[in-house]
Amino acid sequence: DKGNHRHFMEKEIHEQAEVVSHTLSNYIDFAEGKVRLDTGQLDFANLDRLAMSACGTAYYAGLIGKYWFERFARLPVEIDVASEFRYREMPLTGRMAAMFISQSGETADTLASLRYCRDHSLPIGAVVNVRESTIARESDAVFPTLAGPEIGVASTKAFTCQLSVLAALSMIAGRERGTLSPEDESVMVQALVEAPRLFNEVIRDIEPQIETLSRELARFKDVLYLGRGTNFPLALEGALKLKEISYIHAEGYAAGELKHGPIALIDENMPVIVIAPHDRHFEKTMSNMQEVAARGGQIILITDEKGAEAAPLETMATITLPVVHEIVAPILHALPVQLVAYHTAVFMGTDVDQPRNLAKSVTVE
Ligand code: M6R
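Quick caveat, the model's predicted, so the values are computed rather than measured.

Quick notes on the rules
Residues numbered from 1 in each chain as written. Predicted model: local features only at pLDDT ≥ 70, side-chain atom pairs only at ≥ 80, totals over all residues. Heavy atoms only, no water. Helix = DSSP H or I, 4+ residues; strand = E, 2+ residues; numbered from the N terminus. Buried < 20%, exposed > 50% of the residue type's maximum accessible area, 1.4 Å probe, protein only. Contact = heavy atoms within 4.5 Å. Pairing = 2+ DSSP bridges. Axes fitted to C-alpha atoms, helices over the stretch in contact; angles between N-to-C directions.

A. Broad picture of the side chain of K241. Considering the arrangement of structural elements, one finds K241 in helix 9 (residues 231-246). For K241, a relative accessible area of 0% puts it in the buried group. Residues in contact with K241, not counting those within four places in the same chain, are M9, T57, A154, S155 and A341.

This is the structure in structure tokens:
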């Protein structure tokens with residue numbers, strides 16, 4: 001049931017305050033200001049390495065998780081798309097565990113990667129949305145996302161719920177490895193607890209602007225997304241979302257890679273969506289943005305209030321979000337990324353919930 005919404009995707013974007021809050025409450029003790037979760041057979045304190053793998057949007061969630069595990073828990077993470085992981089014969093030596101991320105829990109390549117790790121006796125964790133799924137059943141420790149059924153082929157609420165679970169997992173790993181102080185943990189918990197309340201406000205504030213902007217975006221054949229740090233996987237996610245439902249060609253790049261190739265594409269026909277809240281990468285990303293502007297590229301900046309103030313030049317549009325803690329930023333910044341894709345596709349009249357050639361669950365390789 002779509003309720004008052006035109007598409008399941010629209011409904012699912014708007015549901016995120018509720019489902020992210022529901023998911024977080026499964027992993028966080030709000031009263032204590034601590035993460036509360038049973039990591040089962042994943043003994044984070046004694047791991048040398050974590051191998052992650054997933055497909056599509058779930059893979060991008062994992063990439064953000066990698067930044068968090070390495071930063072907050074000092075735990076090295078190897079991450080691959082599952083279709084590569086399953087065949088690349090990675091040596092699974094030392095004290096390792098594996099982690100798989102999947103909305104459906106049935107994706108063929110992700111499941112095959114899981115079985116490869118199981119055959120090598122690794123402890124297996126899974127972040128899944130469908131509790132009865134094969135991936136959930138075959139894992140040692142299941143960390144559910146409580147997103148509810150996701151119907152739209154383009155994944156939205158499952159992604160932000162995956163990020164919420166990965167945030168909690170990286171924090172518990174940090175605590176167990178002695179790399180995250182109780183003070184930092186409680187600041188992060190507070191930030192996460194307050195996040196869902198912001199979602200509805202943010203959507204209300206930015207959606208009209210994004211609708212107008214999408215009419216302009218619909219004129220273009222190509223769009224480039226740029227970001228640094230955890231904004232890099234978000235750039236990849238933005239490009240995937242736009243291409244899968246609007247069929248506009250889009251690419252996501254690490255902003256620092258601009259000079260290594262994609263800058264050759266920049267002209268007035270190539271809008272560039274820069275995802276850059278005012279974090280420790282901001283200045284660097286701004287200089288990339290200036291390089292784009294100097295070549296006539298049109299810029300759409302997704303940033304926060306501090307970033308909007310500090311941004312050095314005129315843009316085609318600046319979408320401004322509230323300033324939040326770095327653990328919340330990718331979850332919050334996913335909203336404009338999803339809304340841009342959604343409204344552009346609606347404006348172009350494509351079948352948003354059932355885009356051509358795609359299936360919700362990819363059970364063959
Ligand atoms: O069910 P899964 O999370 O394992 O699915 C993975 C991908 O197939 C999925 O995220 C796909 O990329 C979506 N269409 C993205 O919107």
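There is more to say after this.
B. The arrangement of the sheet that holds strand 11 (residues 299-304) in detail. Overall, parallel pairing links the five strands, which are arranged 9-8-10-11-12 in an open sheet. Two strands bound the open sheet, and with one partner strand each, they are strand 9 (249-254) and strand 12 (317-321). For this sheet, the mean inter-axis angle between neighbouring strands, taken without regard to orientation, is 15 degrees. Alignment of strand 8 (residues 222-227) against strand 10 (residues 272-275), held across four bridges, turns out to be parallel. Looking across to strand 10, one finds that G227 is bridged to I275. Most of the contacts of helix 8 (residues 182-217) go to strand 12, to which it runs at about 160 degrees, and overall it touches strand 8, strand 10, strand 11 and strand 12.

C. Looking closely at the sheet that holds strand 7 (residues 141-144). With respect to topology, five strands assemble into an open sheet ordered 4-3-5-6-7, the strand pairing being parallel. Every other strand in the sheet has two partners, leaving strand 4 (77-81) and strand 7 as the edge strands with one partner each. Across this sheet, the average inter-strand angle for adjacent strands is 20 degrees, counted without regard to direction. The pairing of strand 3 (residues 49-54) with strand 4 spans five bridges and is parallel. Each bridged residue has a counterpart across the sheet, and for S53 the counterpart in strand 4 is D80. The strands touched by helix 5 (residues 108-119) are strand 3, strand 5 (96-102) and strand 6 (124-128); relative to strand 5, the strand with the most contacts, the crossing angle is about 165 degrees.

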